[in-house]
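# Observations on chain architecture
Read off the chains here:
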Amino acid sequence: MSIRDALKIPAADITDEWIYQQRRQFVSALALTPAILATGCSKAEPPGAVNLAAISPSLLNSGFVTDETRTLERDATTYNNFYEFGTNKGDPAKFAHRMTTSPWTITVSGECENPGTIDMDDIARKFRDQERVYRMRCVEGWSMVIPWLGIPLGDLLKTFKPTSKAKYVAFETLADRNAMVGMRYPSIKWPYREGLRIDEAMHPLTILANGMYGKKLPNQNGAPLRLIVPWKYGFKGIKSIVAIRFTEKAPTSSWNQLQPSEYGFFSNVNRNVDHPRWSQKSERRISGSEGKLFADRIPTKMFNGYADQVAALYQGMDLRKWF
Ligand SMILES: Nc1nc2c(c(=O)[nH]1)N[C@H]1C(S)=C(S)[C@@H](COP(=O)(O)O)O[C@H]1N2
Ligand SMILES: [Mo]
């Protein structure tokens, strides 16, 4: 089914109560975009969320699994980015064991009716995790195929009852200077921060992972709970989350703060918009043949191959401006 057809699905197909309520409050991005672009101001708020209720649930849900060759668990757990433990790819596997991940509490605040805290035991009691095999594409040009265990982020968010002012969701990583040896360096501004527009956060492909390869998430991969947004560059997948906040304005993110010309708020995988210092047209899978870390270069797909599921969220947006 094309995106155009998907957007024509009638209201009768709406299955989700929360999304149904939101749809009256959301101005469709299709209507909003031209006005915002017309201002021509780069400081402007990004175009608003689209109405997920207008897209068929089966289309939203497709893409949970791929049969592409999986990255070896050994590589996915030893070639990491987790700057709190150092900037070398091997540092997180060496040093992340110093982080204590149990007990672990996440604070939820901002534009919601039920702010509060939730701990990992609550999450384990309330939600059953499911395996999702996703491609992950790092902005640096490598990619992996990883079997995550996780829960849809939207399912957790709904329990806090976001209000109509909740247009974005902001996330923060633990900042424990004793355990996190990389925090001595101002490589980025700590704590690590990320954000999503509310429709991106509520999209069923977006998960909070608590495991991989059928096991508990290793510390270096972001234990006990980290974000996975498979159509965005890997850095959006913030690790070891301790705070979630619903906001009305677009939240800051650490990479955008560090270098706004290189890392935009959306950071959707887009082969047509190069990073200022390198092309984004191709990638190298991790776990090549014959024990090599990298496989040969392959073309990068629009939205990392998830265009059918997510392109509707950005319809009408100038993706060069909103990169
Ligand atoms: N807190 C935190 N989260 C983070 C990072 C980080 O440095 N700190 N690095 C990001 C980047 S750049 C990538 S590519 C992915 C890497 O995830 P992985 O190590 O599980 O493959 O985590 C993202 N999440
Ligand atoms: Mo990355």
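The text that follows walks through the structure, step by step, so that each part is easy to find. (Residues numbered from 1 in each chain as written. Chains lettered and ligands numbered in written order. Predicted model: local features only at pLDDT ≥ 70, side-chain atom pairs only at ≥ 80, totals over all residues. Heavy atoms only, no water.)

Glancing now at the site of ligand 1. Residues in close proximity to ligand 1 total 18 residues, the closest being Asn80, Tyr83, Glu84, Gly237 and Lys239. Measuring from an oxygen atom of ligand 1, one finds a side-chain N or O atom of Arg226 at 3.0 Å. Within the contact set of ligand 1, a nitrogen atom lies 2.8 Å away from a backbone nitrogen or oxygen of Gly237. Its residues assigned to classes, the shell around ligand 1 shows 9 nonpolar, 6 polar and 3 charged. (Near = heavy atom within 4 Å. Polar contact = N/O pair within 3.5 Å; in protein donor to acceptor, adjacent residues only side chain to side chain. Nonpolar A, V, L, I, M, F, W, Y, C, P; charged D, E, K, R; others polar.)

By the element assignment, Asn51 lies in the loop between helix H3 (29-39) and helix H4 (57-61). Sequence separation between Asn51 and Leu313 is 262 residues, and the spatial gap between their C-alpha atoms is 8.2 Å. Polar contacts involving the side chain of Asn51 include one to the main-chain amide nitrogen of Ala53, which spans 2.9 Å. (Helix = DSSP H or I, 4+ residues; strand = E, 2+ residues; numbered from the N terminus.)

So, about unusual backbone geometry. Cis geometry is adopted by the peptide bond preceding Pro103, which originates at Ser102 and carries an omega value of 0 degrees. Here Pro103 is to be found in the loop between helix H6 (91-95) and strand S1 (105-110). Cis peptide bonds are those with omega within 30 degrees of zero, and the linkage from Ala223 to Pro224 qualifies with 0 degrees. Along the chain, Pro224 falls in the loop between strand S8 (215-216) and strand S9 (226-228). Even without being glycine, Phe303 reaches a positive phi, approximately 50 degrees. Structurally, Phe303 can be placed in the loop between strand S12 (294-299) and helix H11 (307-310). Backbone geometry places Asn304, a non-glycine residue, at a positive phi of 60 degrees. Structurally, Asn304 can be placed in the loop between S12 and H11. Classification of Asn304 by relative accessible area gives buried; the value is 3%. (Buried < 20%, exposed > 50% of the residue type's maximum accessible area, 1.4 Å probe, protein only.)

Turning to the packing of aromatic side chains, a few remarks are in order. Applying the stated criterion across every chain yields a total of 13 aromatic pairs. For the ring pair Tyr79 and Trp142, a centre distance of 5.2 Å and an interplane angle of 80 degrees mean the geometry is edge-to-face. One end of the pair, Tyr79, is in the loop between helix H5 (73-76) and H6; the other, Trp142, is in strand S4 (residues 142-152), with 63 residues separating them in the sequence. Classification of Trp142 by relative accessible area gives buried; the value is 7%. The interplanar angle of 90 degrees and the centroid separation of 5.9 Å between the aromatic rings of Tyr79 and Phe294 together place this pair among those described as edge-to-face. With Tyr79 in the loop between H5 and H6 and Phe294 in strand S12, this residue pair connects regions lying 215 residues apart in the sequence. Taking the relative accessible area as the measure of exposure, Tyr79 reaches 14% and is therefore buried. Connected via pairs of aromatic rings, a cluster forms that spans Tyr168, Phe265, Phe266, Phe303, Tyr314 and Trp322. Over the face of the ring belonging to Phe64 we find Arg132, whose NZ or CZ atom lies 3.5 Å from the ring centre. One cation-aromatic arrangement involves Arg135 over Tyr306; the distance from NZ or CZ to the ring centre is 4.4 Å. (Phe/Tyr/Trp six-rings, centres within 6.5 Å; stacked < 30°, edge-to-face > 60°. Lys NZ or Arg CZ within 6 Å of the ring centre and 35° of its normal.)

Geometric values such as these leave the question of function open.
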